[in-house]
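Fold and geometry: a report
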Amino acid sequence: MTENVGVSRTENIQVTTICLTKDNYLQWYAAITMGIAGSGRIAYVNGKKVEPPKTSPALDTWFLEDNQVPTL
């Protein structure tokens, strides 16, 4: 089996069915965090995956993956 390292996911997934309200932030946050972590994109949210320099060839991949987070 081959591993697709560096291949971007393009499908949308529903992370949670919990709708955020003023009374359920902690439950919603836990569900969203687990969903994003499960998709392998939590480093874009917590700042551990920083934007490479504008001259870096890795910038295109970073940009594509970073912009997938809001679609989860």
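See the structure above.
A brief look at the structure comes next. (Residues numbered from 1 in each chain as written. Predicted model: local features only at pLDDT ≥ 70, side-chain atom pairs only at ≥ 80, totals over all residues. Heavy atoms only, no water.)

What to know about the overall build of the protein
Assigned secondary structure in the protein consists of three helices and zero strands. Of the regular secondary structure in the protein, the N- to C-terminal order runs α-α-α. Taking all 72 residues of the protein together, 19% fall into the buried category. A separation of at least 24 residues holds for 45% of the contacts in the protein among residues at least 6 apart in sequence. When the accessible area of the protein is evaluated, it comes to approximately 5,700 Å², of which 58% is carbon and sulfur surface. (Helix = DSSP H or I, 4+ residues; strand = E, 2+ residues; numbered from the N terminus. Buried < 20%, exposed > 50% of the residue type's maximum accessible area, 1.4 Å probe, protein only. Contact = heavy atoms within 4.5 Å. Areas by Shrake-Rupley, 256 points an atom, 1.4 Å probe, with all protein chains shown as cover.)

Considerations on a nonpolar patch on the surface
On the surface, a cluster of nonpolar side chains totalling about 460 Å² of accessible area is made up of Leu-20, Tyr-25, Leu-26 and Tyr-29. With respect to the helices and strands, the residue Tyr-29 is situated in helix 1 (residues 25–38). (Patch = residues over 30% accessible without salt bridge, like charges linked within 9 Å, V, L, I, M, F, W, Y side chains within 5 Å. Salt bridge = Lys/Arg side-chain N within 4 Å of Asp/Glu carboxyl O.)

Section: the side chain of Gln-68
With respect to the helices and strands, Gln-68 occurs in the segment after helix 3 (59–66). Given a relative accessible area of 13%, Gln-68 falls into the buried group. Among the polar contacts listed, one links the side chain of Gln-68 to the side chain of Arg-41, at a separation of 2.8 Å. (Polar contact = N/O pair within 3.5 Å; in protein donor to acceptor, adjacent residues only side chain to side chain.)

Overview of the pattern of salt bridges
Applying the stated criterion across every chain yields a total of one salt bridge. In this structure, the salt-bridge partner of Lys-54 is Glu-51, at a minimum N-O distance of 2.5 Å. A residue is classified by how much of its surface remains accessible, and Lys-54, at 64% relative accessible area, is exposed. On the accessibility criterion, Glu-51 (39% relative accessible area) is partly exposed.

Bear in mind that shape data such as this cannot, by itself, settle questions of function.
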